[in-house]
Amino acid sequence: MIQTNSERTRSLARNLVEILTAYEEELMAVERETPAMGQLRRAVGIAIAEACYLITDQGLDEAEWSPRSDGQSRRAS
């Protein structure tokens, strides 16, 4: 069975969530003793949230999440 780009993206996002969740839990523990780690923990949390969005957004088109080829960033609507 051939995976479509959308299915492959969701699969990779699920794997990313699994990996990053373990790191986020460890960072929470470290943050208690070293508050400066909070920024890193928040960054990991944002990456997890974005991966979850890719997993759950059924209408996501590759053009919406892939980087632009002209080097410009996309603006949120």
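Residues numbered from 1 in each chain as written. Predicted model: local features only at pLDDT ≥ 70, side-chain atom pairs only at ≥ 80, totals over all residues. Heavy atoms only, no water.

(A) Broad picture of the overall build of the protein chain. Across its full length, the protein chain carries three helices and zero strands. Its helices and strands taken in sequence order, the protein chain reads α-α-α from the N to the C terminus. If you take every contact in the protein chain between residues at least 6 apart in sequence, the share linking residues at least 24 apart comes to 49%. (Helix = DSSP H or I, 4+ residues; strand = E, 2+ residues; numbered from the N terminus. Contact = heavy atoms within 4.5 Å.)

(B) Structural view of the confidence of the model for the protein chain. This prediction gives the protein chain a mean pLDDT of 77; 69% of its residues lie at or above 70. Of all the helices and strands in the protein chain, helix 3 (residues 62-65) carries the lowest mean pLDDT, 54, while helix 2 (residues 38-56) carries the highest, 87. (pLDDT = per-residue confidence, 0-100.)

(C) Examining the side chain of Glu24 more closely. On the secondary structure map, Glu24 appears in helix 1 (residues 5-33). For the buried residue Glu24, which engages in no salt bridge, the nearest side chain bearing the opposite charge is Arg41, 4.3 Å off. Once residues within four sequence positions are removed from consideration, Glu24 is found in contact with Arg41, Val44, Gly45 and Ile48. (Buried < 20%, exposed > 50% of the residue type's maximum accessible area, 1.4 Å probe, protein only. Lys, Arg positive; Asp, Glu negative; His and termini not counted. Salt bridge = Lys/Arg side-chain N within 4 Å of Asp/Glu carboxyl O.)

(D) Representation of the packing of helix 1 against helix 2 in the model. With their axes 8 Å apart at the nearest point, helix 1 and helix 2 run at an angle of 155° to one another. Classified by the interaxial angle, the pair formed by helix 1 and helix 2 is roughly antiparallel. The chirality of how helix 1 crosses helix 2 is left-handed. Contact residues: Thr9, Arg10, Ala13, Arg14, Leu16, Val17, Leu20, Thr21, Glu24, Leu27, Met28 and Glu31 in helix 1; Gly38, Leu40, Arg41, Arg42, Val44, Gly45, Ala47, Ile48, Ala51, Cys52, Leu54 and Ile55 in helix 2. Residue classes in the contact of helix 1 with helix 2 are distributed as 14 nonpolar, four polar and six charged. (Axes fitted to C-alpha atoms, helices over the stretch in contact; angles between N-to-C directions. Parallel < 35°, antiparallel > 145°, perpendicular 65-115°, else oblique. Left-handed = near helix turned anticlockwise from the far one by under 90°. Nonpolar A, V, L, I, M, F, W, Y, C, P; charged D, E, K, R; others polar.)

(E) Region of the structure containing the environment of Thr9. When you line up the elements, Thr9 lands in helix 1. The buried category is assigned to Thr9, whose relative accessible area is 12%. Distance from Thr9 to Leu54, taken between C-alpha atoms, is 7.3 Å for residues 45 residues apart in sequence.

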